[in-house]
Amino acid sequence: MLRPTYLNLAKPLFCMRPETVKKYVEKYSLGVMETENSLEQYNSFFRNMGFKETIEQLIEKRLEDRVFVIVMDLGCGNGGFLADLKKTFDEEVHTVGVDLLAAEKMPGKMIIGDALEAEFPFEADFVFSFRSLHEIGEPEKMAEKIYSCLAEGGKAFLSFRTTDLYIGGPGLAELGEKDIKALQQMVRKSKFRNFKVKGFEVNVNDEKGKKVTAGVNIFLEK
């Protein structure tokens, strides 16, 4: 099955939120943020979302009617997850990494810049984002943008951390209470804009025993 190639995404992108981006670039540059990742680690996140199959099995199933699949990691860190996928699938997987700094292990296309403003590849088969969406913020805009970049039958697996349990309050990084409510509404209504949303809230008790939403996991399929 022939597929169009995706965009040339190697150059840095213009950013509309310079102060927000500067804050995280400085943190990454200083080495205070964890950027290491791997396929094994992502499979662990995937299982925690309630899926029994592995990411490899997910891709193998998609490859039954594809020459190759496009996998995007939003907040790819050092690119370890995508590098592991390339070792496993070679040319059957085309990888796209998105982050504020170049990934040292990135095996494919790299989008360097603010994910809210970046031009995503079209017809992505899978989008994963497990550790960065709370730093990007504006979850409604991100959910709509990610859905728009999916191929027909494409899927996105998104994890939003919503509460900083260390300081005992709602909101984390660029996510505030309004954003948390928006995420909760997405999964409770199973719909956002004109597309379906699956997912669930992760609730925990804080140090005072009060139940709080620590995260929201969202699954999209076009």
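Structure: above.
Residues numbered from 1 in each chain as written. Predicted model: local features only at pLDDT ≥ 70, side-chain atom pairs only at ≥ 80, totals over all residues. Heavy atoms only, no water.

(A) Representation of the packing of helix H3 (residues 55–62) against helix H4 (residues 80–89) in the model. Orientation of H3 relative to H4, taken along the N-to-C sense of each, is 55 degrees, at an axis distance of 12 Å. Judged on the interaxial angle alone, H4 and H3 are oblique. For the crossing formed where H3 meets H4, the hand is right-handed. Residue-level contacts link Ile55, Glu56, Ile59 and Glu60 of H3 to Phe81, Leu85 and Phe89 of H4. Per-class residue counts for the contact of H3 with H4 are 5 nonpolar, no polar and 2 charged. (Axes fitted to C-alpha atoms, helices over the stretch in contact; angles between N-to-C directions. Helix = DSSP H or I, 4+ residues; strand = E, 2+ residues; numbered from the N terminus. Parallel < 35°, antiparallel > 145°, perpendicular 65-115°, else oblique. Left-handed = near helix turned anticlockwise from the far one by under 90°. Contact = heavy atoms within 4.5 Å. Nonpolar A, V, L, I, M, F, W, Y, C, P; charged D, E, K, R; others polar.)

(B) Here's a closer look at the packing of aromatic side chains. For the structure on display, the rule yields 17 aromatic pairs. With a centroid separation of 5.0 Å and 85 degrees between ring planes, the pair formed by Phe46 and Phe157 is classed as edge-to-face. With Phe46 in helix H2 (residues 39–48) and Phe157 in strand E5 (residues 150–161), the pair connects residues that are 111 residues apart, well separated along the chain. Side by side, Phe46 and Phe157 carry an identical accessibility label, which is buried. A centroid spacing of 6.2 Å and a plane angle of 55 degrees characterise the contact between Phe200 and Phe219, whose relative ring orientation is tilted. Of this pair, Phe200 sits in strand E10 (residues 198–205) while Phe219 sits in strand E11 (residues 211–221), placing them 19 residues apart in sequence. Owing to a relative accessible area of 30%, Phe200 belongs among the partly exposed residues under this scheme. (Phe/Tyr/Trp six-rings, centres within 6.5 Å; stacked < 30°, edge-to-face > 60°. Buried < 20%, exposed > 50% of the residue type's maximum accessible area, 1.4 Å probe, protein only.)

(C) Representation of the environment of Glu221 within the structure. Relative to the helices and strands, Glu221 resides in strand E11. With a relative accessible area of 45%, Glu221 lands in the partly exposed category. Apart from residues lying up to four places away in sequence, Glu221 is in contact with Tyr147, Gly153, Gly154 and Lys155.

(D) Local environment of the side chain of Asn37. Within the secondary structure, Asn37 sits in the loop between helix H1 (18–30) and H2. One polar contact links the side chain of Asn37 to the main-chain amide nitrogen of Gly80, over a distance of 3.2 Å. Excluding residues within four positions of it along the chain, Asn37 makes contact with Tyr42, Cys76, Gly77, Asn78, Gly79, Gly80, Phe81 and Arg131. (Polar contact = N/O pair within 3.5 Å; in protein donor to acceptor, adjacent residues only side chain to side chain.)

(E) Representation of the packing of helix H6 (residues 139–149) against helix H7 (residues 177–189) in the model. Close contact between H6 and H7 brings their axes to 9 Å; oriented N to C, the two are set at 45 degrees. As summarised for this structure, H6 and H7 are arranged oblique, according to the angle between their axes. Contact with H6, carried on its side by Pro139, Glu140 and Ala143, involves Asp179, Ala182, Leu183 and Met186 of H7 and no other residues of that element. In terms of residue class, the contact of H6 with H7 is made up of 5 nonpolar, no polar and 2 charged.

(F) How the structure looks around the nonpolar core. The biggest cluster of nonpolar side chains holds 34 residues, and the ones touching the most others in it are Leu74, Phe120, Val127, Ile146, Leu158, Ile218 and Leu220. The element best represented in this core is H6, accounting for 5 residues. (Core = buried A, V, L, I, M, F, W, Y, C linked by side-chain atoms within 4.5 Å.)

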